[in-house]
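Working through the structure, step by step
Chain by chain, the residues:
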Amino acid sequence: MAGAVYLPSPNCDARKEDVSIDLLVIHNISLPPGEFGGPGIIDLFLNRLDPAAHSYYAGISALRVSAHFLIRRDGEIIQFVPCPARAWHAGPSSWRGRERCNDFSIGIELEGADTVPFTDAQYAQLATLTRALRARYPIADIAGHSDIAPGRKTDPGPCFDWQRFRASI
Ligand SMILES: [Zn+2]
């Protein structure tokens with residue numbers, strides 16, 4: 001995306017050729033959990049998270065995960081995976097009867113936590129990004145990670161204002 005910082009993650013692969021990219025998945029993430037502004041998220045998505053740097057990191061540093069985009073607290077957009085490729089953000093998941101949401105979705109991470117309100121800058125950039133993606137892809141639905149992996153995932157959490165987001169796009 002024009003204007004985004006591009007930090008290519010190896011944690012992606014090719015989509016099936018005939019797939020329609022029609023779902024946006026909204027997440028939140030912070031590393032360490034509840035702390036904002038550090039390099040943890042980037043390091044995780046680039047497979048360089050130091051397991052010794054924080055007690056929480058030992059359990060996740062071997063994960064191979066990514067998302068297409070991260071929107072930081074100040075609104076900065078970082079892209080990790082080109083949208084035509086499949087990012088590894090959803091895990092086991094299902095939406096309207098279709099399994100493996102990574103196959104047909106674009107994943108957007110908001111730097112945050114379930115119980116902390118997101119920033120005005122994040123809502124503004126999320127709206128800009130969503131509009132750009134809808135202009136390019138036949139996005140039919142926007143779901144939270146908790147919607148496609150209920151019982152397993154809770155993000156983006158109760159502090160994400162769906163009404164505000166939907167009104168902005
Ligand atoms: Zn998530």
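A brief structural summary.

Looking at the coordination of the zinc ion
At this site the zinc ion is bound by H27 (ND1), H145 (ND1) and D155 (OD), with donor distances of 2.0 to 2.1 Å. The motif formed by the donor residues of the zinc ion, counted along the single chain, is H-x117-H-x9-D. With H27 in strand β3 (residues 23-29) and H145 in helix α3 (residues 145-148), the pair connects residues that are 118 residues apart, well separated along the chain.

Quick word on the sheet that holds strand β5 (residues 77-79)
Here we have six strands laid out as an open sheet, ordered β1-β5-β4-β9-β3-β10, and mixed in their pairing. The open sheet has two edge strands with one neighbour each: β1 (5-6) and β10 (141-144). When β1 meets β5, the two strands line up parallel, connected through two bridges. Directly across from V5, in β5, lies its bridge partner I78. Along the sheet, helix α2 (residues 120-136) contacts β3, β4 (69-71), β5, β9 (105-111) and β10; its crossing angle with β9, the most-contacted strand, is approximately 170°.

Observations concerning the nonpolar core
One broad rule of soluble globular proteins: the nonpolar side chains tend to lie buried together. By size, the foremost hydrophobic cluster in this structure holds 21 residues, and its most contacted members are I26, F69, I106, I108, L126, L133 and F160. Going through the elements one at a time, β3, β4, β9 and α2 are the ones with two or more residues in this core. Per element, the largest residue contribution to this core is four residues, and it comes from α2. Apart from residues lying up to four places away in sequence, I26 is in contact with I108, L110, L126, I142, A143, G144, H145, D155, P156, F160, W162 and F165.

Brief notes about the pairing of β3
Successive side chains on a regular strand alternate, one facing one side of the sheet and the next facing the other. Within β3, seven of the seven residues are buried, which leaves it mostly tucked inside the rest of the structure. The pairing of β3 with β9 spans seven bridges and is parallel. If you follow L24 over to β9, its bridge partner there is I106. Note: β3 against β10, four bridges, orientation parallel. Within the sheet, the bridge partner assigned to L24 lies in β10 and is I142.

Topic: the packing of aromatic side chains
Counted by the stated rule, this structure contains six aromatic pairs. Where F45 meets F80, the ring centres are 5.0 Å apart and the plane angle is 90°; that geometry is what we call edge-to-face. Residue F45 is found in helix α1 (residues 40-45), and its partner F80 is found in the loop between β5 and β6 (85-87); the two are separated by 35 residues along the sequence. You'll find F45 and F80 in the same group, each marked buried. Geometrically, the ring pair formed by F118 and F160 is edge-to-face, given 5.8 Å between the ring centres and 80° between the ring planes. Here F118, found in the loop between β9 and α2, pairs with F160, found in the loop between α3 and α4 (162-168); they are 42 residues apart in sequence, far enough to count as distant. Joined through ring pairs, the aromatic side chains of F118, Y123, F160, W162 and F165 make up one cluster.

A word on the pattern of salt bridges
Applying the stated criterion to the full structure yields eight salt bridges. Put simply, D43 and R48 hold a salt bridge, and the shortest N to O gap is 2.7 Å. With a relative accessible area of 15%, D43 lands in the buried category. Linking D120 and R164 is a salt bridge whose minimum nitrogen-to-oxygen distance equals 3.0 Å. Of this pair, D120 sits in helix α2 while R164 is found in helix α4, placing the two residues 44 residues apart along the sequence. For R164, a relative accessible area of 35% gives the class partly exposed. In the salt-bridge network here, residues are joined through shared partners; they are D13, R86, R100 and D103.

Calculation criteria
- Residues numbered from 1 in each chain as written.
- Predicted model: local features only at pLDDT ≥ 70, side-chain atom pairs only at ≥ 80, totals over all residues.
- Heavy atoms only, no water.
- Donors = N, O, S within 2.8 Å, 3.2 Å for Na, K, Ca; no water.
- Helix = DSSP H or I, 4+ residues; strand = E, 2+ residues; numbered from the N terminus.
- Pairing = 2+ DSSP bridges.
- Contact = heavy atoms within 4.5 Å.
- Axes fitted to C-alpha atoms, helices over the stretch in contact; angles between N-to-C directions.
- Core = buried A, V, L, I, M, F, W, Y, C linked by side-chain atoms within 4.5 Å.
- Buried < 20%, exposed > 50% of the residue type's maximum accessible area, 1.4 Å probe, protein only.
- Phe/Tyr/Trp six-rings, centres within 6.5 Å; stacked < 30°, edge-to-face > 60°.
- Salt bridge = Lys/Arg side-chain N within 4 Å of Asp/Glu carboxyl O.

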